Every structure is written in structure tokens, then in C-alpha cells.
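Structural overview
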Amino acid sequence: MALFFPSTTPTRRKRWQMPWAAMAGIISAALSVWMISQVYVLHKQRHEKKLEEMFAPQREQRQPTPSRANESPRLTLAVPGRAER
């Protein structure tokens, strides 16, 4: 009978599936919220760094120390019986 009247047979209920467009919309919204929060954090860090550079006391610029590689080595060991120069 089901061969001739398919509407009379009980059908398997189809599972609910989320449409692909809705899934893509949710994912894109989540990604956009994450990206906006990252931009906000980056802007806040840059602003704090700028304020710190403006109001922090300036450090003295150290003069570069001359290289000791060109100097001749000096003996510092005392030799007994020999006068120092």
C-alpha cells in the first residue's frame, strides 16, 4: 500500500539544521567583535605608551664607552723582587 500511497506511511522526522548563511553570519559577527576588541586593546596600549613617554622623566643618554679591544693588555700581577714602574 505504501508503494501507491507514500503520504500514508510515517516519515522520518528531519533533524533541524542551521542554514549555511546563518552559520556564516554568526561566525563573521564573532570574528568582527574579536577584531574590534584587538584594535581597541592596541589603541589603548599605544595611548598609554605615548603618555608614559610624555610624562616619564627623561633618562640621560649615556655616552658610548670606548672599546677596550684596541688597548694593549696591562699586567696586574705583582712579581716578587721587582719594582713597579
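Scroll up to find the structure.
To start, this report covers the structure provided alongside it. As the structure is a prediction and not an experimental result, all values here were calculated from the model. Here the residue index of a chain counts from 1 through its sequence in written order. The model is predicted, so local features are restricted to residues of pLDDT at least 70 and side-chain atom pairs to those at 80 or more, both for listing and for counting; the totals for chains, interfaces and linings are taken over all residues. The basis for the side-chain values is all heavy atoms of the structure; hydrogens and waters are excluded.

1. Describing the overall build of the protein chain
- Per the convention used, a helix needs a DSSP run of H or I reaching at least four residues, while a strand needs a run of E reaching at least two, with both numbered from the N terminus. A count of helices and strands for the protein chain gives one helix and zero strands.
- By residue count, 0% of the 85 residues in the protein chain fall in the buried class.
- Accessibility throughout is a Shrake-Rupley quantity obtained with a 1.4 Å probe, and a residue counts as covered only by protein chains that appear here. Of the roughly 10100 Å² of accessible surface on the protein chain, 60% is carried by carbon and sulfur atoms. Each residue is assigned to one of three classes by its accessible area relative to the maximum for its type, calculated with a 1.4 Å probe on protein chains only: buried under 20%, partly exposed between the two thresholds, exposed over 50%.

2. Digging into a nonpolar patch on the surface
- On the surface, a cluster of nonpolar side chains totalling about 1100 Å² of accessible area is made up of W16, M18, W20, M23, I26, I27, L31, W34 and M35.
- Note that W34 resides in helix α1 (residues 20–55). Residues with no salt bridge and a relative accessible area higher than 30% make up the patches, which join like charges within 9 Å and nonpolar side chains (Val, Leu, Ile, Met, Phe, Trp, Tyr) within 5 Å. Salt bridge, as used here: a side-chain nitrogen of Lys or Arg that lies within 4 Å of a carboxyl oxygen of Asp or Glu.

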